[in-house]
Amino acid sequence: CGRAKAGGDAGTMSASALGERVHIALAAAKKIVILSVVVGVLMLVLVDWPVVGSHSEHTVSAHPRSLESFSASPMQHTADSGAESESTRMQRGRLAETLEMDVKKATKGDRESYHTQVGNGGRRLESETMSKEGALKWLAEVKSSIKSTQQGLIDAYKLPMEKISEVSFFDKEQGNDAIVKRLLRAMVLNDSFVYVVGGMSDTAGHGNMFADSYPQVMADIMAPAMAKAKIKFEVRNLAMGGVPSYPGSMCMKDAFGPDADVVMWDFRMVEHASLNGEIYIRQALMHPRRPFVAFKRPNGYLNSMKNYFTPASLHVVDERDLAKLASSNSNTTARDLVENDNFCGFSDPVRKKDGTWQECECPGQVRWHAGYKLQRLRGVQMALVYLNMLDLAVDKYVEMINGPGDEPGESPSDIMQRRWEIGHNKQIDLAEHAPYSKDCRGIFCSRAYSCAMSWEPRMGPGLTDIFDSETKWKLDYPDARSKSASEDGHSKCSYKDAKKTVIGGVSDGWVFFKFVAEDDSKKGSVAFCADFPGEDLGGKWEDKTLVLLNGEEIQGELERWVEVKTLGMHSACYSHSGMLKKGENVLGFRAMEEPMVLKMTHVLWQ
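The structure displayed is predicted, hence computed values, not measured ones.

About the thresholds
Residues numbered from 1 in each chain as written. Predicted model: local features only at pLDDT ≥ 70, side-chain atom pairs only at ≥ 80, totals over all residues. Heavy atoms only, no water. Helix = DSSP H or I, 4+ residues; strand = E, 2+ residues; numbered from the N terminus. Buried < 20%, exposed > 50% of the residue type's maximum accessible area, 1.4 Å probe, protein only. Contact = heavy atoms within 4.5 Å. Disulfide = S-S within 2.5 Å. Salt bridge = Lys/Arg side-chain N within 4 Å of Asp/Glu carboxyl O. Polar contact = N/O pair within 3.5 Å; in protein donor to acceptor, adjacent residues only side chain to side chain. Expected span 1.5 Å × (residues − 1). Axes fitted to C-alpha atoms, helices over the stretch in contact; angles between N-to-C directions. Left-handed = near helix turned anticlockwise from the far one by under 90°. Nonpolar A, V, L, I, M, F, W, Y, C, P; charged D, E, K, R; others polar. pLDDT = per-residue confidence, 0-100. Core = buried A, V, L, I, M, F, W, Y, C linked by side-chain atoms within 4.5 Å. Pairing = 2+ DSSP bridges.

### Points about the overall build of the protein
Consideration 1: Looking only at helices and strands, the protein has 19 helices and 19 strands in total.
Consideration 2: Here the protein holds 606 residues, and 59% of them are scored as buried.
Consideration 3: When contacts within the protein are restricted to residue pairs at least 6 apart in sequence, long-range pairs at least 24 apart make up 80% of them.

So, in structure tokens, the structure goes:
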């Protein structure tokens, strides 16, 4: 890779020259990646681009953009949106569009053929027919792609790998081994590896373009190497402004998707309660794919939760020390990658639009939101952390083929026939392990639920999807201010989050939700969450509302769960147990007395 000037020389460069040098520093790495992908596609059976198919219209998938377009001005970025705005298209830039086309061409595969191979009753996986020599050559190309990406970023930031890819595991003995094995499994079986980020407005990219948010930067950097490894890779940025992890964590399967492999907690400024953090971890351990759990900060309460260290492969990826190190870099070219940060990915405070210069229009440009440079640094760190693990997975695959020492190795087909179950080295029965937080009751800390939600983005069904009949209740934003800000962010900056609720008052009559429960023990529970009004309502909300479950009133028999408040919401959840039946159930609500207005956000059932 080309190297940018260091010392006093670099300090005299213009902003444009500096940007050009950073651009060049990573361009070579991208070209190597493109070349290796082209060669791999010619040699091997074409594979799908690493994006898991959409489960709903709200799916947020990885961006197949190049490493070079990452390093260039983010005016060349685009958010992953089916309805891309005109302003967003203009911001992408011709160079980024050309590079994106190159990557797509180089990795374009026969999607139908690929899914036929891996589907039940279809053709055999390529691993079953690949020779030992072919497999080793392919793995060498994967490793080359990883190393090219790593070196390009090291050359740009002028920082050692151990600093720019720092991660801390709570189980020091296990370390990253469980995640490495999950990546190895994905390579062997041509399976998916899905990284889901839950978080707040800063995580969602507010103040910047959605494509500048660090989960999207992470996706861009990792995509070529993951494609070469034949892993269907996806990063889902499901962050949402102004809400903590709970109650969304109670819906982890339907909110994050049933195929999550790692779930990231990044609710730094809106959630500090150990109870909510523990619910997040325990719900991940009950998720059908048992994803590993990452935190963006080493919250103090995590140190005492030792039972979760190993099964959750609990780890922290915290960029704060890296940001300090980068900002004190002696190389001024590299230091400029983090200093003088601003919003929307522009080195100047204005951008060209329709022949004129206008201020960046993305909402959320406040002091507590990161600019594009810090977002980018976070994404670089995240990408290198997990690319290091992919590199170790490649080494393990090579070792299996070559065999340890003088022992013979295995053929690719034999390796594929091994038992590759999703799991951890150590399983725990949550029902037998008391939570650490005294308020972590079994009904929400030791049970998993199916859900429908009004909040976006999400992977599963919305509340309106389970309406049982026509109703006057409407899906809308809770107030005019949040509606204006959200719609502004969606149209101008491709934001994905929307804090909508299903709203109904006295004049709106009934709303009924129909769902299919699987619990036939007569102990199953149904629950709901709402953004409840404040105490000015006068009296309990239950006194002014009817709640029916399968035709029976239950509003006087509800169990209150956890209540959470932020500046933008006041959420509480309630449950009822014992009347849920296997098969179809109907839950109904009606406001009976003014000024009662219900703002429903979640319905949960077992």
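Having put the structure on the table, let's press on.
### Focus: the state of the cysteines
Consideration 1: Considering all chains together, one arrives at 4 disulfides under this definition.
Consideration 2: Each sulfur of the disulfide joining C251 and C451 lies 2.3 Å from the other. Across the disulfide from C251 to C451, rotation about the S-S bond amounts to roughly -85°, and the bridge is consequently left-handed. Here the residue C251 occupies a position in the loop between β3 (232-237) and α12 (252-256), and C451 occupies one in strand β9 (residues 450-453), the gap between them amounting to 200 residues. Considered together, C251 and C451 belong to a single accessibility category, that of buried residues.
Consideration 3: Disulfide pairing is shown between C440 and C445; the S-S distance is 1.7 Å.

### Section: the pattern of salt bridges
Consideration 1: Counting across every chain of the model gives 33 salt bridges.
Consideration 2: Between K492 and E361 there is a salt bridge, with its nearest N and O atoms 4.0 Å apart. Of this pair, K492 sits in helix α19 (residues 480-493) while E361 sits in the loop between β8 (356-359) and α16 (372-402), placing them 131 residues apart in sequence.
Consideration 3: Under the relative-accessibility criterion, K492 is labelled partly exposed at 26%.
Consideration 4: The exposure class assigned to E361 is partly exposed, which follows from its relative accessible area of 22%.
Consideration 5: With its nearest N and O atoms 3.5 Å apart, the salt bridge here joins K438 to D439.
Consideration 6: The structure contains a network of salt bridges with shared partners spanning D202, D266, R268, K296, R297, D318, E319, R320 and R378.

### Things to note about the environment of T601
Consideration 1: Its location among the elements puts T601 in strand β19 (residues 597-605).
Consideration 2: For the pair T601 and M453, spaced 148 residues apart in the sequence, the C-alpha separation amounts to 5.5 Å.
Consideration 3: Filtering out sequence-adjacent residues up to four positions away, T601 remains in contact with A452, M453, S454, W455, L463, K500, T501, C529, A530 and D531.
Consideration 4: A polar contact is formed between the side chain of T601 and the side chain of H602, at a distance of 2.8 Å.

### Structural notes on helix α13 (residues 274-286)
Consideration 1: With 13 residues, α13 should cover 18 Å at 1.5 Å per step; its first-to-last C-alpha distance of 18 Å lies within 8% of that length.
Consideration 2: In terms of residue burial, α13 counts as a mostly covered element, since 11 of its 13 residues are buried.
Consideration 3: Taken together, the buried positions of α13 are occupied by L275, N276, G277, E278, I279, Y280, I281, R282, Q283, A284 and L285.
Consideration 4: The inward-facing, buried residues of α13 abut β2 (192-199), α12, β4 (262-266), β5 (292-295), α18 (442-445) and β16 (559-566).

### What to know about the packing of helix α10 (residues 177-189) against α16
Consideration 1: Two elements in contact, α10 and α16, have axes separated by 8 Å at closest approach and are oriented at 65°. You can see that α10 and α16 cross each other, and the crossing is right-handed. Counting all contacts with α10, which are made through D177, I179, V180, L183, L184, M187 and V188, the residues of α16 involved are Y386, M389, L390, L392, A393, V394, K396, Y397 and M400.
Consideration 2: The residue inventory of the contact of α10 with α16, partitioned by class, reads 14 nonpolar, no polar and 2 charged.

### With respect to the confidence of the model for the protein
Consideration 1: With 74% of its residues at a pLDDT of 70 or more, the protein shows a mean pLDDT of 80.
Consideration 2: In the predicted structure, residues 1-123 sits below a pLDDT of 50 and forms 241 contacts with residues beyond four places in sequence or in another chain.

### Considering the environment of R378
Consideration 1: Along the chain, R378 turns up in helix α16.
Consideration 2: Judged by its relative accessible area of 4%, R378 falls in the buried class.
Consideration 3: Distance in space between the C-alpha atoms of R378 and S213 is 8.9 Å, their sequence separation being 165 residues.
Consideration 4: Those residues within four positions of R378 in sequence are excluded, and the remaining contacts are D202, Y214, R268, K296, E319 and A370.
Consideration 5: Engagement of the side chain of R378 in a polar contact is seen with the side chain of E319, the distance being 3.2 Å.

### Some words on the nonpolar core
Consideration 1: Grouped together as the largest cluster of nonpolar side chains are 65 residues, with contacts concentrated most on M187, Y195, Y386 and L390.
Consideration 2: The element contributing the most residues to this core is α16, with 15 residues.
Consideration 3: Excluding anything up to four places from it in sequence, M187 contacts W138, L139, A229, I231, L390, A393, V394 and Y397.

### Some details on unusual backbone geometry
Consideration 1: Note the cis peptide between Y246 and P247, where omega equals 15°.
Consideration 2: As for its placement among the helices and strands, P247 is situated in the loop between β3 and α12.
Consideration 3: The omega torsion of the bond from E594 to P595 falls at 5°, within 30 degrees of zero and hence cis.
Consideration 4: On the secondary structure map, P595 appears in the loop between β18 (583-591) and β19.
Consideration 5: Even without being a glycine, K158 presents a positive backbone phi close to 55°.
Consideration 6: K158 sits in the partly exposed class, given a relative accessible area of 23%.
Consideration 7: Positive phi, normally seen in glycine, also occurs at S494, with a value near 65°.
Consideration 8: Inspection of the secondary structure assignment puts S494 in the loop between α19 and β11 (501-505).
Consideration 9: Judged by relative accessible area, which is 5%, S494 ranks as buried.

### Quick notes on the pairing of β19
Consideration 1: When you tally the buried positions in β19, you get 7 out of 9 residues, the bulk of the element.
Consideration 2: With 4 bridges connecting them, β9 and β19 associate as antiparallel partners. Within β19, the position partnered with M453 by the bridge is H602.
Consideration 3: Pairing geometry for β11 and β19, over 4 bridges, is antiparallel. Residue pairing for β19: V502 is matched across the bridge by M600.
Consideration 4: Bridging between strand β13 (residues 525-531) and β19 involves 5 bridges; their strand directions are antiparallel. Residue pairing for β19: F528 is matched across the bridge by V603.

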